[in-house]
Amino acid sequence: GAGVSQTPSNKVTEKGKYVELRCDPISGHTALYWYRQSLGQGPEFLIYFQGTGAADDSGLPNDRFFAVRPEGSVSTLKIQRTERGDSAVYLCASSLVSGSAEAFFGQGTRLTVV
Amino acid sequence: SQKIEQNSEALNIQEGKTATLTCNYTNYSPAYLQWYRQDPGRGPVFLLLIRENEKEKRKERLKVTFDTTLKQSLFHITASQPADSATYLCALPMGSNYQLIWGAGTKLIIKP
């Protein structure tokens, strides 16, 4: 596709359930970032991939959060034992290379934990 | 720790006037700074990047300044239009992998 695609666009889940959020970056972009955005706030960094490896996962809030990018393209953010505090918009961005490159964002997945 | 501040209150501007948004940062010396636009229900869209050795950058009706002494960037939209209404966020690179840290954004409303 022409842009970064995230699915689903909306996800409602019950507290304690497991969820997976998918990001399909722009073809050829090696750098991929996950951010989380709460209402009225700027995005908050979660994890960065360069190729297949997680180069920096320092933003993941705890071990319930995990992300993979097995083939260096599509990435999945996984959240175990969801809590109401996990409710937010999860944004994925990709860029051609890491560094001072323009980041292209998807429309986000709005996660609501009830 | 690094901190980025943007005006939290919405900025109301009359159509045709210049809108000026402010981004201040502390405890930090970024190599560059980026400005993004975000519409409701959408992800941020990149607008401009300005490097630490650049005082000013322009793109069509947009102008960004970067004062590393004041630790401040100003974002200007000249001849503003209602279609410019959105939230504008500034972002700075952090760490060796250039992940961005963000301000909370300023909501801009251009009234016809």
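Residues numbered from 1 in each chain as written. Chains lettered and ligands numbered in written order. Predicted model: local features only at pLDDT ≥ 70, side-chain atom pairs only at ≥ 80, totals over all residues. Heavy atoms only, no water.

Visitor: I tried to follow the interface of chain A and chain B on my own but got confused; where do I start?
Guide: For interface size, the figure often reported is the accessible area lost on association. At the interface, 22 residues of chain A touch 19 residues of chain B. Buried surface at the junction of chain A and chain B, both sides included, amounts to about 1,500 Å², of which 54% is carbon and sulfur. The interface formed by chain A and chain B holds zero salt bridges in total. If you list the elements that add at least two residues to the side of chain A that touches chain B, you get β4 (31-37), β5 (44-50) and β6 (53-56) of chain A. The element that contributes the greatest number of residues to the side of chain A that touches chain B is β4 of chain A, accounting for three residues. Classifying every residue of the side of chain A that touches chain B gives 10 nonpolar, 10 polar and two charged. (Contact = heavy atoms within 4.5 Å. Buried area = accessible area lost by both parts, 1.4 Å probe. Salt bridge = Lys/Arg side-chain N within 4 Å of Asp/Glu carboxyl O. Helix = DSSP H or I, 4+ residues; strand = E, 2+ residues; numbered from the N terminus. Nonpolar A, V, L, I, M, F, W, Y, C, P; charged D, E, K, R; others polar.)

Visitor: Is there a simple way to think about the sheet that holds strand β7 (residues 62-67) of chain B in this case?
Guide: Strands in a sheet are paired, the pairing made by backbone hydrogen bonds, and the direction either parallel or antiparallel. Residues and elements named next belong to chain B. What the five strands build is an open sheet, ordered β1-β3-β8-β7-β6; its pairing is antiparallel. Two strands in the sheet have a free side with no partner beyond their single neighbour: β1 (3-6) and β6 (56-59). Shown here is a sheet whose adjacent strand axes are inclined to one another by a mean of 15°, direction ignored. In terms of strand pairing, β1 meets strand β3 (residues 19-26) through four bridges, oriented antiparallel. Note that in β3 the partner of Gln 6 across the bridge is Cys 23. (Pairing = 2+ DSSP bridges. Axes fitted to C-alpha atoms, helices over the stretch in contact; angles between N-to-C directions.)

Visitor: Is there a simple way to explain the state of the cysteines in this structure?
Guide: Inspection of every chain in the model, using the stated rule, returns two disulfides over all chains. The side chain of Cys 23 of chain A participates in a disulfide bridge whose partner is Cys 92 of chain A; the two sulfur atoms lie 1.9 Å from each other. Taking the sign of the torsion about the S-S bond as the criterion, the disulfide between Cys 23 of chain A and Cys 92 of chain A, at about -65°, is left-handed. One end of the pair, Cys 23 of chain A, is in strand β3 (residues 19-24); the other, Cys 92 of chain A, is in strand β9 (residues 88-95), with 69 residues separating them in the sequence. When its relative accessible area of 0% is taken as the criterion, Cys 92 of chain A is described as buried. Put simply, Cys 23 of chain B and Cys 90 of chain B are joined by a disulfide, and their sulfur atoms are 2.0 Å apart. Torsion about the S-S bond of the Cys 23 of chain B and Cys 90 of chain B cystine: about 70°, corresponding to right-handed handedness. (Disulfide = S-S within 2.5 Å. Buried < 20%, exposed > 50% of the residue type's maximum accessible area, 1.4 Å probe, protein only.)

Visitor: For this particular structure, what's the right way to read the sheet that holds strand β1 (residues 5-7) of chain A?
Guide: Residue and element names in this part refer to chain A. In space, the four strands of this open sheet follow the order β1-β3-β8-β7, with antiparallel pairing throughout. Two strands close off the open sheet at either side, each with one partner strand: β1 and β7 (65-68). Pairwise comparison of adjacent strand axes, ignoring direction, gives a mean angle of 15° for this sheet. The sheet contact formed by β3 and strand β8 (residues 75-79) spans five bridges and is antiparallel. If you follow Val 19 over to β8, its bridge partner there is Ile 79.

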